[in-house]
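# Structural overview
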Amino acid sequence: VPLGEPSVAPTESKKESRKASTMRLRLESVPPGARVTVDGKRLGRTPLDGVKLTVGNHRIRMRLDDQRGVRQISVQKGGPTRHIWHQKEDQWSSGY
C-alpha cells in the first residue's frame, strides 16, 4: 500500500447506513380510504406515499368498512415499492 493511502476502504457513516437500510413505499387501497396499520402502528388512510420501512419483513393491515386485508411483505432494495389492497376481491398486488 502506498504511503498516505488507507489500507482499508472507509466504512459508511451511521447516517448512510440507516438510509441504506430503509425504503420508501406507497400503500394504496381500491377503493381509497382504508385505515392502515404496519407492524401494529397506525399510519393513517390510503393512499399513503413515502412510508419509510426498514429492510426486512413487515405486516400490513388495511381496514375499510367491515372488511380487513392483511399481508406480510418483505422490504428489500430493488423490491416492490407499491402495495395495493383490492377490497372487493380481498386481493393484494405489488409493483414499482
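Scroll up a little and you will see the structure.
So, here is what we can say about the structure in this document. Computed from a predicted structure; not experimentally measured. (Residues numbered from 1 in each chain as written. Predicted model: local features only at pLDDT ≥ 70, side-chain atom pairs only at ≥ 80, totals over all residues. Heavy atoms only, no water.)

## Digging into the nonpolar core
For soluble globular proteins, nonpolar side chains are generally found buried alongside one another. Counting 16 residues, the largest nonpolar core has L27, L53, I60 and M62 as the members making the most contacts within it. Looking at this core, the elements that each hand over two or more residues are strand 1 (22–30), strand 2 (35–38), strand 4 (48–54), strand 5 (56–64) and strand 6 (67–75). (Core = buried A, V, L, I, M, F, W, Y, C linked by side-chain atoms within 4.5 Å. Buried < 20%, exposed > 50% of the residue type's maximum accessible area, 1.4 Å probe, protein only. Helix = DSSP H or I, 4+ residues; strand = E, 2+ residues; numbered from the N terminus.)

## Considerations on the pairing of strand 7 (residues 82–86)
In the sheet, strand 1 pairs with strand 7 via 5 bridges, with the strands oriented parallel. Bridge pairing in strand 7 places R26 opposite R82. For strand 7 and strand 8 (residues 91–95), the ladder comprises 5 bridges, and the chain directions are antiparallel. For W85, the partnering residue across the bridge sits in strand 8 and is W92. (Pairing = 2+ DSSP bridges.)

## A few points about the sheet that holds strand 1
Strand order in the open sheet formed by 4 strands is 4-1-7-8, and the pairing between neighbours is mixed. Single-partner strands in this sheet number two, and they are strand 4 and strand 8. Taking the axes of each pair of neighbouring strands and ignoring which way they run, one obtains an average angle of 30 degrees across the sheet. (Axes fitted to C-alpha atoms, helices over the stretch in contact; angles between N-to-C directions.)

## Some points on the pattern of salt bridges
Evaluation of the coordinates by the stated rule reveals 3 salt bridges. E28 serves as the salt-bridge partner of R26, at 3.1 Å between the closest nitrogen and oxygen. By relative accessible area, which is 13% here, E28 ends up buried. Where D49 meets R26, a salt bridge forms, and the shortest distance between an N and an O atom there is 3.7 Å. Of this pair, D49 sits in strand 4 while R26 sits in strand 1, placing them 23 residues apart in sequence. Looking at R26, the relative accessible area reads 27%, which means it is partly exposed. (Salt bridge = Lys/Arg side-chain N within 4 Å of Asp/Glu carboxyl O.)

## Concerning the pairing of strand 5
Across 4 bridges, strand 2 lies against strand 5 in antiparallel orientation. Following the sheet pairing, T37 is matched in strand 5 by R61. The sheet contact formed by strand 5 and strand 6 spans 9 bridges and is antiparallel. Bridged to R63 within strand 6 is R68.

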